[in-house]
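Structural overview
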Amino acid sequence: MDADASAAPASDSGQGYDATPYLPSRGGLAALRRAAADCHGCPLFRDATQTVFGKGPARSRLMLVGEQPGDQEDVKGEPFVGPAGQLLRRALDEAGLGDENAYVTNVVKHFKFTPAPRGKRRIHKAPSLREMTACRPWLVEELRLVAPDVLVVLGGTAGKALLGSSFRVGERRGVLLPMPDPFGEEPGAVPGQLLATVHPSAVLRADDREAAFAGLVADLSVAATVLE
Ligand code: SF4
C-alpha cells in the first residue's frame, strides 16, 4: 500500500500501532526514506522533531542497527551523529572497519524522550515493545534492500527486535550468528551473519569506560573477520 499522508495516526484511529500502511509499494532506500518521513504508525512522531531514517549506501557489506535516535540525531535528522556515534566510529576504526561504508540505522525511527528543563538536553526514554514492533517494518525493508554480509546489533533493544524478547546482549555478544528471519524464512535462509554487541551509549555510561570500549572493539573485530 502506498504511504497515505492523510491517514489518521494508528493511535488516533483505534488500531494497533503499525508502520506497515506507510510503507511504499515500490522503490529502493530513497523511496523508503521519503515515506518514513510521514510515518504516523505510532505516537512517537508527535513530540520528535523528525523521522531519523537509516543512512549509508544500499548494498553495504556492513549494517549496524541501534535502538533509537538521540537528542542530536533528532535535531539533525541523521543517525549516530551524537557522542555515541563518535565513539562508535572510533571503535569501528580500531576494529579495522573504519573503511567500510556502513549502513547505520535504528530499530525505532523517532526519538522518545522525557522533556528536560529549559536549555537542558532531553532525556532518552526506552521505546516500548509496541513502539518497537510498530516500527519494525521499516527495519525489515532496510535489511532486505541493503542485504549486508554482516549485521551488527548494538544493544539489547535492537537484539530483542531481531532475535526475540528473550535476547540478552551479555549472553550472546561477540559471536557470529545466522541472520534471523525478518522475512518469515528460517534462520540461516537469509544470507549474511549477525553479531550482537553493546550499544556505544552503554560504553559512555560504563564505570570502567576503557574496558567497555575494549570489549566493543573486540566484538567488532569478530564482525570484521566476515568482511576480510
Ligand atoms: S517511531 Fe516508527 S512507527 Fe512510530 S511514527 Fe516513527 S517511524 Fe512510524
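Structural notes, computed from the coordinates. In this numbering scheme, every chain counts its residues from 1 along its sequence in written order. In keeping with the model being predicted, local features are shown solely for residues with a pLDDT of at least 70 and side-chain atom pairs are shown and tallied solely at 80 or more, while totals for entire chains, interfaces and linings include all residues. The basis for the side-chain values is all heavy atoms of the structure; hydrogens and waters are excluded.

Next up on the list: the sheet that holds strand β1 (residues 62-66). A pair of strands is treated as paired once DSSP finds two or more bridges between them. What counts as a helix is a DSSP run of H or I of at least four residues, what counts as a strand is a run of E of at least two, and both are numbered from the N terminus. Spatial ordering of the open sheet is given by β2-β1-β5-β7-β6, a layout of five strands whose pairing is mixed. Only two strands of the sheet have a single partner each, and these edge strands are β2 (103-106) and β6 (176-178). On average, adjacent strands in this sheet sit at an angle of 25° to one another, irrespective of strand direction. Whether two residues are in contact is decided by their heavy atoms, any of which lying within 4.5 Å being enough. Interaxial angles span 0 to 180 degrees and are taken between N-to-C directions of axes, which are lines fitted to C-alpha atoms, for helices over the stretch in contact. Packed on one face of the sheet, helix α5 (residues 129-146) meets β1, β2 and β5 (150-154) and runs near 170° to β1. Its contacts with the sheet put helix α9 (residues 209-226) on β5, β6 and β7 (193-197), and the angle it makes with β7 is roughly 175°.

Relative to the helices and strands, Val75 resides in helix α3 (residues 71-76). For Val75, a relative accessible area of 53% translates into the label exposed. Through-space distance from the C-alpha of Val75 to that of Thr49 is 6.3 Å; in sequence the pair is 26 residues apart. Ignoring any residue separated from it by four or fewer positions in sequence, one finds Val75 in contact with Gln50 and Arg122. Each residue is assigned to one of three classes by its accessible area relative to the maximum for its type, calculated with a 1.4 Å probe on protein chains only: buried under 20%, partly exposed between the two thresholds, exposed over 50%.

Shape is all these values report; function is a separate question.
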